[in-house]
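A closer look at the structure
These are the residues of each chain, in order.
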Amino acid sequence: MHGVRSYAEPPEEDSARFISLAKEALETCKQRDFSSQALSLVNRVLELNPDEYSLWNYHKRFVLNEIEKIMNYEPASFQEAAEQLFDSEFELTQRALYRHPKAYSAWQHRIFLLKTAKYHLPSKIYEGYFKKELEICAKLLDLDDRNFHGWAHRMRVGDIRGLQPSREELQFVTERIYGNFSNYSAWHHRSRILPILFKDQRDQYYLAVQEDLELVKQAIFTEPEDQSAWFYFRWLLRGAPSYQTTVSVLDIDNEILKKELCILEELLTLEPKCKWALLTKFYLLQIFGDFDNAETVLTTLQKLDPLRNGYYMYLKEKMRRSS
Amino acid sequence: MVHEEAINMDTDLKDGYFDVVVVGTGLAESILAALLASNGKSVLHLDSKPFYGGDWATLSLSKLKSYFASCYLSENGVSEPKKTPTELQDAIRQNEHFQQYTDIALLPVLENSSFSDVQIVDSAEEWLNRAMVDLTPQIILGNGETVDMLVQTQAASYLEFRGVDEIFWLDESGQLQKVPTSRNDIFRSMLLTPVEKRIFMKFLKTCAVYEPSLFQYEGHDGGILSAGQVVNSSEEIAEMEQVQKWCDCSLCLDNWLDELHFTDRLKHYVFALLGCCGEKYESCAVATAVERISQYCCAVQRFRISSGFLYSKYGSGDICEALCRRCAIHGGVYLLRRQVTYLICDSSSQVIGLVTGNGDLIRCSVVIGSTSLEVKYTDSSWTRRISSDKGRWKLYLILDRPVLLPGKGVDLFTSHLVVQSQNNESCLVEGIQVEQQVDSVHTVYVIYLSCDDVENGKIALLLSLQKLMHPIDSHLCHSSSDLWQLLKQFPGLKYACIGFCRDWEPIIQLGHYYSCYLTKDIHSIQTQIDQVFHLYDYITHREWQS
């Protein structure tokens, strides 16, 4: 899981044998040989090492090739054949991911399959695939809730499907954060869906940001050394901006920011050496234009965290220039 | 559960010599028997009852009923020996092994029944007879001497455990408050203020450093430390110094926690956690509290369960049986349904043997028994030993629905109750709820409540039960008989039994008539195990290495 190498177990075959297998498989790729014999060889290599992207590309060609072949069938038999094809492809990636949950190419292949399915198959079937995909993501996140592939995949699946994130998605993230709040991916996911969810409802967005400030407060008080909540906190203090809109929700409202500064002060009386609290305090003081105090905070940080001395010097310099 | 072959085993003990005879198969006695046998001592382990575990046994409801019925009948379980004392004296003189002793004294031994004032409500159906009830349910802290002992003796290989799911605190208004047991619990808690969260987390993390084995268990998200968290060595040293300062502090626990700015709610949490470790909040020294909390933190880290406490899956009696099995593997001899009727002493009052209920003569050099055993010292002074004024009221309940919600697995709760008496005394009530699958159709909830206040314990137990069941109108009844009537109307009640379990005054007379005594029913093995190790050290002249 976290802090553990993604490739825990070595391939079953010894490496020399594996290399010869991989070479053989790559050779078949070049020749565009889609016979079942060639396919099983490629699958075998992929299961051992799902990072071989050329082999996944071979699979993509194979899928497109197959679809072209069955295009002219009767609708009923086309559906059956296509379903069989996609099921076996999904299963292959699942096996590969089971072995190496952090293989980029395998995740990409699933995205390709979903896109292709959406393009070629009737909606009834591809909706089923999407639904199943979200279920698998949830299950994967149960096993390792910090696997960012799972989170990113969830987002992408939604994008391909053409759906906006829903309240349920927000609820899903909330549950994950309740399960473990030291989860950068979950906080990040939250920061991506919130602006989209409340795109045209500024008032509601304002309320949601306030609620989240409360939530993040619980996290930073429980564990002030944990970075992930502080990053989300900073995002909220910046006014929860999104990629699409540069307008932030808190830009004119300094009342909330002042309240948050008081809360930070409260935490700093308990934990005077908390680096993240000091850094956030610096950020707020800078917004308020209180440059003298902001500089004092930076000096404290330089003493507390000598490894990042240069960074704090840079911040000081930057502040002086702007003021 | 009961090993029939052990009962029927008619070992020829006539010329038997044993290094140690252990009387009673309670938890402490079983631990000693297992430790001594693995040390190479020859051990004879006797119990007058037909099952293992004594007052720590796990009985099916049908057996529990007959057990309590026997408590009614005989306050003192004296059984008449087959031979009169003079016949025995003759028999001993004729015995070649005893011929070297010129002067022999026979000291009668009584076994006291521990339960008294038993009251029962029984509306149990036939199928319920298979439900298992612990006489003294044990909650084991997942890290510490008890677990080490179970691992070292290999008794753990016969045992299965389930984790305690939730720990609750029953507040004055009858509301159950969950005690947060991990960083996520603290984060999620709706009741704690952010400042309280910080204080409590800091307290747990600093205590945790005290336990050196903490860092051998990887951090995980359900624990105190987060996954992959590495404690900075300089920070660690600072925390170590802090802990040392705490341990040297001479304040009482409550004042100490005041100094750490603990609020009442946080104190209740510490109270509940210490209670589960078998320590009393009022009398616990700061150093002990720090040690227990650190063991607790380590246990949470070690087992990926929601709290750091373990409960034997098949009841606490299973632990006794597992230990006895280890003892038997090392050559220990077991006899159930066998009482000790006399101790045989030489002229210097040293124990040289004993006589069992069916007249067997056994030679030995050490006898270990629990304090429920009573020895008549000389012929002239047949003084009944005054039982201590200590004891514990116990309430056993079987319900078809949980009292503590959501009622999955094993839950604990503690409660401080003010009983309406002349002094308005407050008593501590401890409770355990265990979800139990009786058969494929039926699930029952076995609830154990106990209180060590002799005078008010019974009312306190019934009051707390009433609070649990009807949090709103808990001011209704005051007298215990009213409450007992009320209990009968509780929905889902299948079986209820309340009784007083007496602590007999411990007498430790090393090297004398009795070689040693074990105090019985200190309720928690956690607090008793030091004494067991001490006895072991004394008998073997060797320190037990964990």
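Residues numbered from 1 in each chain as written. Chains lettered and ligands numbered in written order. Predicted model: local features only at pLDDT ≥ 70, side-chain atom pairs only at ≥ 80, totals over all residues. Heavy atoms only, no water.

Thoughts on the pattern of salt bridges
- For the coordinates displayed, the defined rule picks out 34 salt bridges over all chains.
- Of the charged contacts in the structure, one is a salt bridge between Glu91 of chain A and Arg95 of chain A, with a shortest N-O distance of 3.0 Å. Taken as a pair, Glu91 of chain A and Arg95 of chain A lie in helix 4 (residues 75-99) at a separation of four residues, close to a single helical turn.
- Relative accessible area serves as the criterion here: at 45%, Glu91 of chain A is assigned to the partly exposed category.
- Bridged by salt links that share partners, the residues Glu166, Lys178, Asp185 and Arg188 of chain B form one connected network. (Salt bridge = Lys/Arg side-chain N within 4 Å of Asp/Glu carboxyl O. Helix = DSSP H or I, 4+ residues; strand = E, 2+ residues; numbered from the N terminus. Buried < 20%, exposed > 50% of the residue type's maximum accessible area, 1.4 Å probe, protein only.)

Topic: the confidence of the model for chain A
- With 92% of its residues at a pLDDT of at least 70, chain A reaches an overall mean of 85.
- Across chain A, helix 14 (residues 291-304) of chain A holds the top mean pLDDT of 94, while helix 1 (residues 15-30) of chain A sits lowest at 82. (pLDDT = per-residue confidence, 0-100.)

Some points on the environment of Asp439 of chain B
- Residue placement: Asp439 of chain B occurs in the loop between strand 18 (426-437) and strand 19 (443-451).
- Side-chain polar atoms of Asp439 of chain B contact the backbone nitrogen of His442 of chain B, separated by 2.8 Å. (Polar contact = N/O pair within 3.5 Å; in protein donor to acceptor, adjacent residues only side chain to side chain.)

Notes on the interface of chain A and chain B
- Contact with chain A, which involves 22 residues of that partner, is made by 20 residues of chain B.
- Counting the surface lost from both chain A and chain B, the interface buries some 1800 Å², and carbon and sulfur atoms represent 53% of this.
- When the buried surface of chain A facing chain B is broken down by residue, Tyr178, Thr222 and Glu223 of chain A rank first, second and third, together holding 31% of it.
- If you look at where chain A meets chain B, you find four salt bridges.
- Across the contact surface, chain A and chain B share eleven residue pairs in polar contact (both at pLDDT 80 or more).
- Put simply, the parts of the chain that give the side of chain A that touches chain B at least two residues each are helix 8 (167-179), helix 10 (202-222) and helix 12 (254-270) of chain A.
- Of the residues belonging to the side of chain A that touches chain B, the class tally is nine nonpolar, six polar and seven charged. (Contact = heavy atoms within 4.5 Å. Buried area = accessible area lost by both parts, 1.4 Å probe. Nonpolar A, V, L, I, M, F, W, Y, C, P; charged D, E, K, R; others polar.)

Details of the pairing of strand 4 (residues 105-111) of chain B
Residues and elements named next belong to chain B.
- The element strand 4 is extensively covered by neighbouring structure, given that six of its seven residues are classed as buried.
- Strand direction decides the pairing type here: strand 4 and strand 12 (residues 340-345), joined by four bridges, are antiparallel. In the sheet register, Leu107 faces strand 12, and the bridge partner there is Leu343.
- Both strand 4 and strand 15 (residues 373-375) contribute to a ladder of three bridges, which runs antiparallel. (Pairing = 2+ DSSP bridges.)

Quick word on helix 15 (residues 309-322) of chain A
Residues and elements named next belong to chain A.
- The end-to-end C-alpha separation of helix 15 is 20 Å, in line with the 20 Å expected for 14 residues at 1.5 Å each.
- Listed as buried for helix 15 are Tyr312, Leu315, Lys316 and Met319. The buried side chains of helix 15 occupy one side of the element, clustering within an arc of 100 degrees when seen end-on.
- Here the buried face of helix 15 lies against helix 13 (275-288) and helix 14. (Expected span 1.5 Å × (residues − 1). Arc of directions from axis to C-beta.)

Looking at helix 11 (residues 286-302) of chain B
- Compared with an ideal rise of 1.5 Å per residue, which puts 17 residues at 24 Å, helix 11 of chain B spans 24 Å between its outermost C-alpha atoms and is within 8% of the ideal.
- Among the 17 residues of helix 11 of chain B, 13 are classified as buried, and the element is accordingly described as predominantly covered.

With respect to the nonpolar core
- Judged by nonpolar contacts, the single largest core of 72 residues is most densely connected at Phe68, Leu135, Ile167, Phe200, Phe203, Leu253 and Phe309 of chain B.
- Both of domain 2 (118-134 + 390-502) and domain 3 (180-306) of chain B provide at least three residues apiece to this core.
- Setting aside residues no more than four positions away along its own chain, Phe68 of chain B makes contact with Phe115, Val118, Ile120, Leu135, Tyr396, Tyr495 and Cys497 of chain B.
- Of all hydrophobic cores here, the second largest spans 56 residues; its members include Trp151, Tyr232, Trp235 and Leu315 of chain A. (Core = buried A, V, L, I, M, F, W, Y, C linked by side-chain atoms within 4.5 Å. Domains from an automatic or database assignment.)

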